[in-house]
Amino acid sequence: MTAKQLSPAIPNWPQWLWWLIPVVALVGLVLIFVFTDPASVFTSDAPPIEDLTLERIQVTTTGLQVHLFNGGAIETTIAQVAVDDAFWDFSVSPSPTLARLGSATLTIPYPWVRGEPHVIRLFTSTGTTFEGDIPAATLTPVLGLKEFGAYGLLGLYVGVLPIALGMLWFPAMKRMGKRGLNAVLALTLGLLIFLLIDTFLEAFELAGETPGVFQGVPLAIFAALLTWLGISAISAQRGTHSADPAQQRLYISLLIAVGIGLHNLGEGLAIGAAFALGEAALGSFLVIGFTLHNVTEGIGIVAPVTRDQPKLWHLVGLTCLAGLPAIIGAWIGGFAFSPLLATLFLGIGAGAIWQVIVEVGQLLRRDAEREGLPLVSWLNVGALLGGIAIMYFTAFLVK
Amino acid sequence: MSVKRSLSRRNFLQAGVLSAGGLAGLMALGQAAVTPHVSASPPENGPDHQHSDGMHGAGDGAIGEVDTSRFDPFTYLYQFDTGRVSTLPTGQTLREWDMYAVNHEVEVAPGVYYPGWAYGLNGQAPQIPGPTFRCTAGDRLRINFSNGSDHPHTIHFHGIHPPQMDGITPLLKSGESFTYEFDAKPFGLHLYHCHTMPLKRHIHKGLYGTFIIDPPGGRPPAREMVMMMNAFDTNFDGENEIYSVNTVAFHYAKHPIPVKVGELIRIYLVNITEFDPINSFHLHSDMFQLYRTGTRLDHYEFTDTVMMCQGERGVLEFKPSYPGQYMFHAHQSELAELGWLGMFDATE
């Protein structure tokens, strides 16, 4: 079939018209739908579904404060508020009526009890209820120098210090043979696989807390996909084989640090938010757990460059890249937690980690080929499983 | 109430034990990191505001006012409908009511609207609870009922009557009518409600009312009022969210019922609360004579608290001894704080 045979079937109108016709048809169809409302058959008697999200609950010296978001299809009015099954005073600003995708701040002068759980229940004008939990009431930190420092310290212990500690193995790793170095790379792969799954699961869990309208789970997946493709494109542009192999290996370390950094940002967010929501009683245990859990990350970051002579500032830079985001995460989580933002960051982190898994896998394969060693050796498989096992069992400390 | 809450508290306590066994050095860090307010101790134990106004002591928990032009709990409190009265050839007094049932939205707390089902008298607005019927023992009662709702309904009366008039059958579909006719006996405080399956829904949606048969010669003169302990499952999860007497949460707490010191107060108290096994009435600052079901003229008990199962009722009598505000509420604190709380205001 040739173009000549086809052309008589299509009128020879200007191109802009051909672009316009589907749009006009679409507008027409929408108008017909709006005015004739054929879907009224389905909706005639059904009450519209309300969907309020209690995005962030703050415990203050005068009571409770809740940030609300209306993710439902219609505007919604808060009619009454009960705390722990008792109706209570409240005020809503700017208005108790939230437009679609609108938000508001609810203030309840409730005499909360330190360390005890409370449940806030909102009644809309239709009698529908929405609930928010305070697992253990404690004053939500307000932004102050002291609090800033405290949350920063938290991030330091969870992010920067364990990675720096892990890197202290660098001299020891340098003395290992070729097989040993490959095994360390395989261990890093195991660690990254664990982090990928962990990051995705955490993203999906937080996605469940975001208002439905934002489609949290697809958002996390798309963020991951975009990040992966983005970093791949950057790497491709850079040229994989053109650079000097040592530079190339340092680049992979850099990618690992970025990926782990994004993961740690998510971890920091979760810890900061948990502390702000009053799970502070778990605090010390959680902190030591994350410190142990993250030590392996330090090993992973330097694994690609063990055969090289990286400068000290390279190692410091990698540590900061991977660790400092935990501090930023703890700040955001502690003072302005948003499940939506956290979902997005974790999605980005998962994408970055996936890209790093691909890169480390290729590095391991190239090294093995060059040195004539088997890629899937018992040692490598064992190290990979070991990497996963270390992460799995140290995670016991923080679950 | 909820399992989820107690679970989360238990997890929290376990975690606390774990952390107590954790590393002491890092615990110090954790403390410093997460409880920066420790030194500023007073607010740590709770908010620093004082309820010096006794706001919540008075339990005035719901914000705002309901639209009383649609349903006024004070009108309901005092309104007894004695029906259209005539005399049968036999000399017996005949009382007739023309009643309907419709779908009807009610405001159960300020701003909270509940899609109820309601009874109403012809020519009058539908209401939850339905109108209070009043007659004397031995009267002939005739209730012409037509169903104007889109669901089948009936009226089932408590008391002694032929089973054919009991309101189980016939089931009246939308637009159908039936006349219930029977003699009023025994004297006492009764109730009526829809008896269509699923029964839970037909009752908690609002198809119920009070039905009083006075003893021949009546009871001593008193300031009489009807209190129907009811509740609403506003989110349809099989549990009540809002409790009250006479439908509107906290209404008599916001607007105390005026009474006089020394005058006899008579409360016709009925419990129709669905889902909760029991409800109760507790009077502050005084005690009342309790006539269970009101079927005898000598009192059963002198008390300040009465517990009732669904469908149970009692006549309560007391004389305020002092001027001031007398609180009354369910003695299940949870029910009280979810709306079932009110006040008498006694003046000289």
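Calculation rules
Residues numbered from 1 in each chain as written. Chains lettered and ligands numbered in written order. Predicted model: local features only at pLDDT ≥ 70, side-chain atom pairs only at ≥ 80, totals over all residues. Helix = DSSP H or I, 4+ residues; strand = E, 2+ residues; numbered from the N terminus. Buried ≥ 20, exposed ≤ 12 C-beta atoms within 10 Å, placed from the backbone. Contact = placed C-beta atoms within 7 Å. Expected span 1.5 Å × (residues − 1). Pairing = 2+ DSSP bridges. Domains from an automatic or database assignment. Axes fitted to C-alpha atoms, helices over the stretch in contact; angles between N-to-C directions. pLDDT = per-residue confidence, 0-100. Parallel < 35°, antiparallel > 145°, perpendicular 65-115°, else oblique. Left-handed = near helix turned anticlockwise from the far one by under 90°. Nonpolar A, V, L, I, M, F, W, Y, C, P; charged D, E, K, R; others polar.

## Examining the overall build of chain B
Next up, step 1: Looking only at helices and strands, one finds seven helices and 20 strands in chain B.
Next up, step 2: Among the 348 residues that make up chain B, the fraction classed as buried is 42%.
Next up, step 3: If you take every contact in chain B between residues at least 6 apart in sequence, the share linking residues at least 24 apart comes to 70%.

## Observations regarding unusual backbone geometry
All names here are of chain A.
Next up, step 1: Geometrically, the link from S93 to P94 is a cis peptide bond, its omega value of 5° lying close to zero.
Next up, step 2: In this fold, P94 is placed in the loop between β4 (91–93) and β5 (97–98).
Next up, step 3: The backbone of Q215 shows a phi angle near 50°, a positive value even though the residue is not glycine.
Next up, step 4: Note that Q215 resides in the loop between α6 (178–207) and α7 (216–238).

## Considerations on α6 of chain A
Next up, step 1: Taking 1.5 Å per residue, 30 residues should reach 44 Å; α6 of chain A reaches 43 Å between its end C-alpha atoms and fits that length.
Next up, step 2: Along α6 of chain A, 21 of the 30 residues are buried, which leaves the element largely enclosed by surrounding structure.

## Overview of the sheet that holds β5 of chain A
Residues and elements named next belong to chain A.
Next up, step 1: The sheet built from four strands is open, its strands ordered β5-β3-β7-β8 with antiparallel pairing. The outermost strands of the open sheet, each flanked by one partner alone, are β5 and β8 (129–134).
Next up, step 2: Pairing of strand β7 (residues 118–124) with β8 involves six bridges; the strand directions are antiparallel. The residue of β8 that forms the bridge with I120 is G132.

## Focus: the domain arrangement of chain A
All names here are of chain A.
Next up, step 1: Here chain A is partitioned into domain 1 (52–134) and domain 2 (145–397).
Next up, step 2: Each of domain 1 and domain 2 has a C-alpha centre, and these two points are 37 Å apart.
Next up, step 3: With eight residues of domain 1 in contact, the opposing surface of domain 2 contributes seven residues.
Next up, step 4: Residue contributions to the side of domain 1 that touches domain 2 peak at four residues, all from strand β1 (residues 52–60).

## Regarding the sheet that holds strand β2 (residues 63–70) of chain A
Residues and elements named next belong to chain A.
Next up, step 1: The four strands lie next to each other as β1-β2-β6-β4, forming an open sheet whose pairing is antiparallel. For this open sheet the edge positions go to β1 and β4, each flanked by a neighbour on one side alone. The mean angle between the axes of side-by-side strands here comes to 20°, regardless of whether they run parallel or antiparallel.
Next up, step 2: Sheet topology note: the β4/strand β6 (residues 103–108) ladder contains three bridges and is antiparallel. Residue pairing across strands places V92 opposite L106, the latter belonging to β6.

## Some thoughts on the confidence of the model for chain B
Residue and element names in this part refer to chain B.
Next up, step 1: Model confidence for chain B is summarised by a mean pLDDT of 85, while 83% of its residues fall at 70 or above.
Next up, step 2: Residue range residues 1–44 is modelled with pLDDT below 50. Its contacts to residues more than four positions away, or to other chains, number 58 contacts.
Next up, step 3: The low-confidence segment residues 49–59, where pLDDT is below 50, has 14 contacts with residues more than four positions distant or belonging to other chains.
Next up, step 4: Reported for the predicted complex are a pTM of 0.73 and an ipTM of 0.74.

## Focus on the packing of α6 of chain A against helix α11 (residues 339–370) of chain A
All names here are of chain A.
Next up, step 1: As a packed pair, α6 and α11 sit with axes 8 Å apart at the nearest point and diverge in direction by 160°. Between α6 and α11, the interaxial angle falls into the category roughly antiparallel. Note that α6 runs across α11; the crossing there is left-handed.
Next up, step 2: The class makeup of the residues in the contact of α6 with α11 is 23 nonpolar, seven polar and two charged.

## Considerations on the packing of α6 of chain A against helix α12 (residues 378–394) of chain A
Any two packed helices are characterised by the angle at which their axes cross and by the distance between the axes.
Residues and elements named next belong to chain A.
Next up, step 1: One can describe the packing of α6 onto α12 by two numbers: an axis separation of 7 Å at closest approach and a directional angle of 40°. As far as their axial angle goes, α12 and α6 are oblique. Where α6 crosses over α12, the two elements pack in a sense that is right-handed. Contacts between α6 and α12 involve R179, N182, A183, A186, L187, T188, L189, G190, L191, I193 and F194 on the former and, on the latter, L379, N380, A383, L384, L385, G386, G387, I388, M391 and Y392.
Next up, step 2: A class-by-class count of the residues in the contact of α6 with α12 yields 14 nonpolar, six polar and one charged.

## Observations regarding the environment of L145 of chain A
Next up, step 1: Note on placement: L145 of chain A falls in helix α4 (residues 145–167).
Next up, step 2: Counting along the chain gives 51 residues from L145 of chain A to L196 of chain A, while the straight-line C-alpha distance between them is 34 Å.

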